[in-house]
Amino acid sequence: MEVIVEVSGLKKRFGSVCAVEGLDLTVERGDVFGFLGPNGAGKSTTIRIMVGLVRPSGGTVRLFGRDVWHDRVRALSKVGALVESPGFYKYLSARQNLWLFSELSGGVKREAIELALARVSLEGRADDKVKTYSHGMLQRLGIAQALVSEPDLLILDEPTSGLDPQGMKEVRELILSLARDQGLTVFLSSHLLHEVEQVCTKVAVIHRGKKMAAGPVSDLLHSRKRLRISVGRPAEAAAALERLDFAQVCEVTADSIVVEADDGRAAEVNRALVMGDFDVSAIVPETMSLEEFYFSLVRSEDLH
C-alpha cells in the first residue's frame, strides 16, 4: 500500500515547552486516519508542521514521499487542508469566496469550484452571502475550500469543533462520503473520540506530545480486554482484585466491577474471588469503546 504521510522522529519545542516529542506516524492511501488527543496534546502543532506553517525542531514529515521542508511546493501540491476555523468574507457568497481564495493560490477551473460545492452539498446555497450561513455550513464551506484544488490527501484539524449534534452528523457523513465515494485519504485531528470511532479506519493516540498507540481501530479496541463481573460486595471484591498483577479495576458499581484483563484469565479472576469468599454470579468479556481505550492509556501513562 502506498504511504501518503510519513512522520519520523518529529519534535517541536516552544522555549522550554515540548509540544511534540519523537512522533512517528504512517498513513496509507485510502485511510481515514484519526489523530486523537486532548487539547494541548500536540495535535494542532503536528498538523501545522505537516502543512508547512511551523518549522519542526527535529525529525521529518514526508507527504507523497517528498519532504515538506525541503520540497515544499511539490509535497503539498496534492494536499487540501482545513486548519482551525475557516475565515471567509461574510458579505460575499460562498461561490465568490471560493473563487477569490483560489485566485490567491494560483487559480482553478470554474468546474472545480462547482464540484467542491456539490461535494459538501452547498450547491443550492452557493450564491447566498456567507453571513447567512450556520456554523455547520461554514465548516462544510471550509472543507469545500480544501477540496477546490482536487487533492488526494485531505487534512482536517478539529472539523466538528463547536458544532451542534446535527452539524457533527453532517460533517461526519461528508468525511465518510469523501473517503468512500471520492477515494480521498483523510487525516482527521479530533478530541471527540466517539465521533472518530464512527468514521476512522485507523487512529493514533497522543498524550503530552508522545504517541501512546496506533493502528486499525478494531485491533486497538480488541488489544485490551475487559471483564464485567457480577459479584457481591463489589467494593471489597475490587480491593481484592487490585492485588492481582494481571488485572486492573477500572469501574465499580452497586452490583458489579469491571477489570482490564484478558478473557483467558477469567478462571483465575473467578478463583481469586471465590477463595476470598465473594459470591460471583457472572463474568462477561467486554470490548472497549475508543473513549474507554483512550482513557485507559492516559491513566496508565499518568501512573508512571
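Structural notes, computed from the coordinates. Each chain carries its own residue numbering, running from 1 in the written order of its sequence. Restriction of local features to residues with pLDDT of at least 70 applies here, the model being predicted, together with a cutoff of 80 or more for giving and counting side-chain atom pairs; totals for whole chains, interfaces and linings are based on all residues. Only hydrogens and water are set aside when side-chain values are computed; all heavy atoms of the structure are taken into account.

What follows concerns the sheet that holds strand E1 (residues 3-14). Only strands that DSSP links by at least two bridges are regarded as paired with each other. In DSSP terms, a helix is any run of H or I states spanning at least four residues, a strand is any run of E spanning at least two, and both are numbered starting from the N terminus. One open sheet holds the 4 strands; their spatial order is E2-E1-E4-E5, and the pairing between them is antiparallel. The sheet is open, and its two edges are formed by strand E2 (17-28) and strand E5 (66-67), each paired on a single side. Inspection of the sheet shows strand E4 (residues 58-63) paired to E5 by 2 bridges, in the antiparallel sense. Across the sheet, Leu 63 pairs through a bridge with Arg 66, a residue of E5. Residue contacts follow a heavy-atom distance rule, with two residues in contact if any of their heavy atoms lie within 4.5 Å. Lines fitted to C-alpha atoms define the axes here, with helix axes fitted over just the stretch in contact, and angles between the N-to-C directions of these axes take values from 0 to 180 degrees. Against the sheet, helix H1 (residues 43-50) contacts E1, E2 and E4, and its axis sits at roughly 120° relative to E1.

You can see Pro 56 is positioned in the loop between H1 and E4. C-alpha of Pro 56 to C-alpha of Ser 177: the two residues are 121 residues apart in sequence and 33 Å apart in space. When neighbours within four sequence positions are excluded, Pro 56 is seen to be in contact with Leu 10, Lys 11, Lys 12, Ile 49 and Trp 69.

Right, let's get into the pattern of salt bridges. Any Lys or Arg side-chain nitrogen found within 4 Å of a carboxyl oxygen on Asp or Glu counts as a salt bridge. As enumerated under the stated definition, the model contains 15 salt bridges in all. The salt bridge partner of Asp 128 is Arg 125, with a shortest N-O separation of 2.3 Å. Residue class for Asp 128 comes out partly exposed when judged on its relative accessible area of 28%. By relative accessible area, Arg 125 is classed as partly exposed at 30%. Here Arg 140 and Glu 170 are joined by a salt bridge, their closest N and O atoms 3.5 Å apart. Within this pair, whereas Arg 140 is found in helix H5 (residues 135-147), its partner Glu 170 is found in helix H6 (residues 165-182), the two being separated by 30 residues in sequence. Relative accessibility under 20% of the residue-type maximum defines a buried residue, over 50% an exposed one, and the middle range a partly exposed one, all with a 1.4 Å probe and only protein chains included. Here Arg 140 falls in the buried class, since its relative accessible area comes to 12%. Since its relative accessible area comes to 26%, Glu 170 is described here as partly exposed. What emerges from the salt-bridge pattern is a single network uniting Glu 28, Asp 31 and Lys 202.

Attention now moves to the packing of aromatic side chains. Side-chain rings of Phe, Tyr and Trp, where Trp is taken by its six-membered ring, are said to pair if the distance between their centres is within 6.5 Å; with planes under 30 degrees apart they count as stacked, over 60 as edge-to-face, and otherwise as tilted. Throughout the structure, instances matching the rule amount to 4 aromatic pairs. Ring geometry for Phe 33 against Phe 187: centres 5.5 Å apart, planes inclined by 10°, an arrangement best described as stacked. Of this pair, Phe 33 sits in strand E3 (residues 32-36) while Phe 187 is found in strand E8 (residues 185-190), placing the two residues 154 residues apart along the sequence. For the pair Phe 33 and Phe 187, a shared accessibility class is recorded, and that class is buried. Pairing Tyr 89 with Phe 101 gives two aromatic rings, centres 6.1 Å apart and planes at 25°, and the pair type is stacked. Residue Tyr 89 is found in the loop between strand E6 (79-82) and helix H3 (94-104), and its partner Phe 101 is found in helix H3; the two are separated by 12 residues along the sequence.

This paragraph deals with the pairing of strand E11 (residues 225-231). With 7 bridges joining them, E11 and strand E14 (residues 280-287) adopt antiparallel strand pairing. By the bridge assignment for E14, Arg 228 is matched with Val 284. Here E11 runs beside strand E13 (residues 256-260); their pairing, made up of 5 bridges, is antiparallel. Paired with Ser 230 across the two strands is Ser 256, which belongs to E13.

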